[in-house]
Each structure stands twice: as structure tokens, then as C-alpha cells.
Amino acid sequence: MISNLVIVESPAKAKTIQKFLGRDFQVKSSMGHIRDLSKGDLGIDIENNFSPRYIVPQEKKKIVSELKSLVRQVKTVWLASDEDREGEAIAWHLCEELKLDKVNSKRIVFHEITKEAIWHAVENYREIDRNLVDAQQARRVLDRLVGFEISPILWRKVRPSLSAGRVQSVAVRLIVEREREIINFKSTSSYKVTAVFEVPEKEGRTNTIKADLDRRFSTKKDARKFLEDCIKAEFKVSAAVKKPSKKSPSPPFTTSTLQQEASRKLGFSVAQTMVVAQKLYEAGLITYMRTDSVNLSSQALSSAEEIIAKLYGREYVNIRKYKTKSKGAQEAHEAIRPTYPSNQEIHGSNTEKKLYELIWKRTVASQMADALLEKTTITIDLSNRPEKFLAEGEVLKFEGFLKVYLESPDEEAEEKANQLLPFVSAGMELSCSTMNATERFTHHPPRYTEASLVKKLEELGIGRPSTYAPIISTIQQRGYVIKEERPGKERKFNVVTLEGDRIQETVGVETTGAEKMKLFPDNIGILVNDFLVEHFGEILDFNFTASVEKEFDEISVGKLNWTEMIGRFYSPFHKRVEHVLENSEFTKPERLLGKDPETGLPVYVRMARFGVVAQIGETSGEKKPKYAQLRKGQNMESITLEEALTLFKLPRVLGKYEGREVIASTGRFGPYILHDSKFYSLKKQTDDPYTVGLERAVELIGEKREKEKNRIVKTFTEDHDMVILNGRWGRYLSYKRKNYKIPIGADPAELTYKDCLKIVRDSETKEKKKQ
């Protein structure tokens, strides 16, 4: 008889732990539902110190019943949920539901699933830490209070079915404010001057140096004047300075830095990164993946030292102990690292292999020697102007950690191209072969990606390792924020070129403003944000949200009583809620743009049932208003009268085909072509309903007809509802709007009407038996 029961969250985790503990232990998971037990319907007794009352959902009661049965059969229950606050709350909740006490239950925690770590946890068990449980409960209660009290206000004052979250609303605010910065940004141009100088070398050969002028010109006139002066100028090297420098490796991964780097290097979303990391952890391949610590254990440091010396040589070893700098680091976890650094590769899916390789490289590189470089700066003077040209180059003298890994730069960071500079000395005269003054434009602040939003939240002290992914997923699921790609626009720029003694002006074309997988606020997100900032500014204040996180941290170490903290918050908050309910006005989600020059009627942009629309006329007028949907990328704040009027060009008659009109338009499900009462979708990336021509429309009609023709395999004269079709996963039978599988081995083309009827009847009989 088994005397020990270990309860964990998932089957994968249970399977890995079971092989290390042996037959005396039964490791039980509840198909991933243990974690959900502490996420049942939460009731809050406000009159009784905000006491939370967890109501286990009906579908979870079976799980609890099974666990209770197992508990009665064993002597000791080991609660092995994750070691963070949520895991501690799960362990506490299990104790409550299963009626466990200190005698028959033990709490064990480990930050890696290895034999050594698990047995160490078993030998060093402890009681449930009520401070960690209280901190988690305080977060849940506070978040529920904010959501339960503010969401109904949004239903009444903005729009039905909306919701608000304490931290999610702050994340939306960051994205909305960044979008407004971009809308209000005024780009200015200046002229950057770059020259290529020839350096004489031995045996009549020449080398080149590319250098930038140390100033920019605000106008083309000033830039041209400078180039004109350079025709008669002499160029001389005034200084050539070499300085040794070094690059140090980045610390091992925390949750946020892993999410950021996986996004930059692998293109993973924040949620995808955490799902894959969870699988690696549960398989015993990496340490716990929700952490804000950069610390590595002494055992991990020894393993890293050994593997670096073996693979790259002793000179590449430089053991470091990093210190956590993030605000309010939660628990003393380790950084995310491979459980065994000696394992460079793993078995698993491609995504698991890629993420593991990233973690392995970052961990090993963090304990490697600095990269040694030599930086050279050459200063070139002009004989008739005070400006100077500067050329910078960099030579790698020792690879160090760069042999393994280099962190990807942020979008905000400007990448500088390094060149290998030829030898020059002070006083050396150079000749200029070409010089360009190129018009360059200032760029608006970059929109947030999921990774850069996580970085910003961490900088502000908002959220914790376990909350970043849910925050970002929630704001997208609610439709407040959209993650998408948007094409850029062509922009002309001027170039003034000096070659020899001849100056030439040309115009170039570049694409600007293209966005790849960026976060954009949706119109409803902007409306909700503005309402909340106006009426609940303190809740959405960045410092307030960060200070609440600090209070949760204090609760987790026993320095603050959680009910007192909630009480201080709730009293003024509830009064504010009542005030807003009574005194705020209904938010009218519309904006007057001006008047239609043709009719003189007002033109609005407003929120409708299925999104934002432009409207010509009044809803209360005699004539029914005209409506048009906004295009992708347009929003209520930035759309102009001219852009809104353009929307009413649809529907457009393109001409006639087969004696019938061909019309381009857009609807609820996107842009389309209408011909002979049939709809043909326009391709999202290539076709625009405002510019598409008749020739392209006819092409799309033909494509769909051909597809429909090939879709039909066989029809039957006995019953036109019976048809065999080609589908995405093979051929199937369709009858009276229901689909049926064709039996394996049957040739669809050879089936008779009677055969098909039998397939339908057999399938319906099976369905009835299941019921």
C-alpha cells in the first residue's frame, strides 16, 4: 500500500517527478485542473474583513472528490505546487478543501525538477507560508473589487459588456498614450553628410574611410552650400585615437528578459514563450520559469565553469554573481537556466528546442569572459570650414562570450555599423572621392511590442513575473488592444551629391511607417481608457499601481496585514464609485469632423454596434444618415474630414462583366466584389476596394468559380441535396447542410446514391446511441 501522495498541477510535471520518487510515492495530477481550484468563483465578504469565499465550480467537484478518496488511503500528503505565491495559495486551498492538517500534510518546493532537488525538498519540507497565501489573496481580492465595481459603471456609462482590470487598464493606458504621442508627433527633416575619403597606401594602392560630419543641416540650401565649400577644401587627419574597450555578457534570464529576447530572436509571443517554458520546466529541463532573480546557485556556477572550459578553453571562463535590480523582486528564486548545463541539446518540438538553446546560450555566456575590442576614432579637419568629419571603427581582439551569444538590441537602440579602418596618422592629407548630403527625418517613438511592453511594466514596477503574460493576453482578448502588422507609406527624400567638382541633386524614395506585430489601441480601448483616466485617475496612476505591488511584497514577508491594506483602499474607492455612478454623464462615443461639402450635412465618426463608422447626416433628421466603415489603421481620434469622406466612395461600380455590374465594397467581414448577387472576397494584403479595377475583379471571380468547380466531386439526380465535396482534410459527404465522413477504403467517385444514404443513416444511428 502506498503511504505517500504527492499532489502537483499537471500530468507532465507528475510524470517527471514520479520517476525520481519511486514506488513509495504516488504522484497525482488532476489533468491540469489543480491550479484552477484556487480560481473558482470568488465571493468577497466585505463586512467580514474582506474574507474571500472560494466556491469550487461544479465541474471541479469531481476532482476534489477523487483527491479526498486518495487522501483517506495514505498517511502523508505532499503538496508540491509551484513555489511562487500562486502555488502557495493553491497548496493552502487544497488543505482547506481536503481537510488536511499539519500532521498528515507537508509542503515541499523546488525550483527545478531533478532527482537531487526533489529529494532535498522532501527532506526539508515545511508548513504552508500564510504570508505568501495572504499576498496572493490580497491581489485577487483587490483585482476583483476593482473589476466588480468599475465594470458595471462602464456598462452604464460607456457600452454594455465592457470590463476593467486594475493592472490591465494601466497597460492599455500605456499603449493609448504612446499612440497619442505618435499621432501628435511632427516629423522634421535634416541633412546628414557622409563622405568617402581615399587613403594612400604602399605600392600605389588606396584604401577608403567612410566618415560622418559632426553636425546636420536643417535645409537643403545649407547642405548644398557646405558641399560647394568642400570643392576647394583640403582634408587632413587631425587625430587618430585607439582605445581598448570591452563588452560584458548579459545576466541569465528572468521571466521578463526571457519574454523579451524570445520575442526579438525567435518571434515568440509572450504567452507562447511561457507555454513552452512551462513544458521545459515540467520535463525537468530548465529551472522554474516565473522569477525575477538573476542569481545562479553555486552548483550551476560550477557546472557552467566546467562546460565552458571543456568547450572553449579556460581563458573563456569568468564566473560572475549577478544582483537583481528590478523593482520589488518577489522571491529568492534562481534565474532561468538549464537544470544540467552539460546538455546542449534536448529532445522535443522545434519551439522547445529553440527556447532551450536560447536559455542554454544565455546561461553559459553569462559566465564567460568579456569580449575585448579596440575602438578607433579618426577626426578629419577641413581647411575652410569649422566642421569635422568623424570615422569610427571597431576591431574584435578576443571573442569572449560573443563566441556563444549576443543579446538583440531594442528597437529604440540605434545600431551603428562598424568598419575596419586603415592605418592613418595625424597630419596625413586625404582626398574625398564622394560626399552625400541625405535628407533624414525624425521618427516618432516606437509602438510597443509585447516584449517592449513587458520591459516597460517591469521598469515601472507594475506586475510580477507570473502576471506579465496574462496582462498582455487579457487586453487583446477584450478587444482593447490589437496586435497586427501595418504596411508603410512611400516617402520622398532629397540627396545632394558631390563627386569631383560637380554637384548633383536627386530624389530618392523610401518606405516609412511599416509596423510588424505591434500593439495598437482599438477605438473601444481608447474610449474605456479615457473614461477611467477621467474618473478613476488614481487607480490608473503608474505610481499607485507600483506602490500596490510593493504592498503585496510587504504582505508576503509578514510586514503588512492584508485586510488592513484592502480596507485602506476600499473605503475611498467605493465612495468614488458611488460618486461616478451618480454624477458622471454617458460617454457619447462620437466626434464631429465637419460638414460634407456636397450636402452641407454634418460628418461624424462614431462607435456603432460592430465598430467605428463615419456618418453623414443626423440620426434625428428627416433623411436617414449614410454610414461607412473605417479602414484598417484608422481611429476616431486621428481621422480627418477628407479621409472620412473618402470612405463614402464605396460601393464603387467597376464596370460590367457578363452583362452584370461589378461592384467593389466593404462590409462586416471585410472588402468584397459583388457580381450577379454573389460575393467574392478581396485579398487582404494585395487588394484595396478603393482602387481595385475591373480586370482584377474578373480575375477574382474566375478564381472562385474554378475553386467551386473543383470542390464538387459528384452530384446525384435522385436528390440535389446529396453531394460529395473536396474539403480541407479530404473528400466528404454533404447532405442537407450536414457533413459526413466517407468510410476508409471507399472510393468517393464510385459511391451510389444508395451508398450515400446508408452512410447518412449509419452516422445518425451512432449519434443517437451516444446520446
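As shown above, the structure is provided for reference.
Residues numbered from 1 in each chain as written. Predicted model: local features only at pLDDT ≥ 70, side-chain atom pairs only at ≥ 80, totals over all residues. Heavy atoms only, no water.

Before we move on, can you summarise helix H15 (residues 523-535) with the specific residues and values?
Over its 13 residues, H15 runs 19 Å from end to end, which matches the ideal 18 Å to within 8%, given 1.5 Å per residue. Most of H15 sits out of view: 10 of its 13 residues are buried. Among all positions in H15, only Asn523, Ile524, Gly525, Ile526, Leu527, Val528, Asn529, Phe531, Leu532 and His535 are buried. Next to the buried residues of H15 lie helix H6 (130-157), helix H7 (166-184), strand S16 (515-521), helix H17 (562-583), strand S18 (602-608) and strand S19 (611-616). (Helix = DSSP H or I, 4+ residues; strand = E, 2+ residues; numbered from the N terminus. Expected span 1.5 Å × (residues − 1). Buried < 20%, exposed > 50% of the residue type's maximum accessible area, 1.4 Å probe, protein only. Contact = heavy atoms within 4.5 Å.)

Could you give an account of the packing of H6 against H15, with specific residues and numbers?
For the pair H6 and H15, interaxial distance at closest approach is 12 Å and the crossing angle is 115°. By crossing handedness, the relation of H6 to H15 is classed as right-handed. In this structure, H6 uses Ile150, Ile153, Leu154 and Lys157 to contact H15, whose residues at the interface are Val528, Phe531 and Leu532. Of the residues that constitute the contact of H6 with H15, the class distribution is six nonpolar, no polar and one charged. (Axes fitted to C-alpha atoms, helices over the stretch in contact; angles between N-to-C directions. Left-handed = near helix turned anticlockwise from the far one by under 90°. Nonpolar A, V, L, I, M, F, W, Y, C, P; charged D, E, K, R; others polar.)

Lay out the nonpolar core with the relevant residues and their values.
Within the largest apolar cluster, 122 residues are counted, with the highest numbers of intra-cluster contacts made by Phe110 and Leu355. Those residues within four positions of leucine 355 in sequence are excluded, and the remaining contacts are Leu258, Ala262, Leu266, Phe268, Thr273, Val276, Ala277 and Leu280. By size, the runner-up hydrophobic cluster in this structure holds 29 residues, among which are Tyr191, Phe217, Met435 and Ala437. (Core = buried A, V, L, I, M, F, W, Y, C linked by side-chain atoms within 4.5 Å.)

Residue-level account of the pattern of salt bridges, with values.
Counted under the stated rule, the structure contains 51 salt bridges. Close ionic contact of lysine 13 with aspartate 82 constitutes a salt bridge, the shortest N to O distance being 2.8 Å. With lysine 13 in helix H1 (residues 11-21) and aspartate 82 in the loop between strand S5 (76-79) and helix H4 (85-98), this residue pair connects regions lying 69 residues apart in the sequence. With respect to burial, lysine 13 and aspartate 82 carry one shared label: buried. Across the salt bridge formed by lysine 246 and aspartate 370, the nearest N and O atoms sit 3.5 Å from each other. (Salt bridge = Lys/Arg side-chain N within 4 Å of Asp/Glu carboxyl O.)

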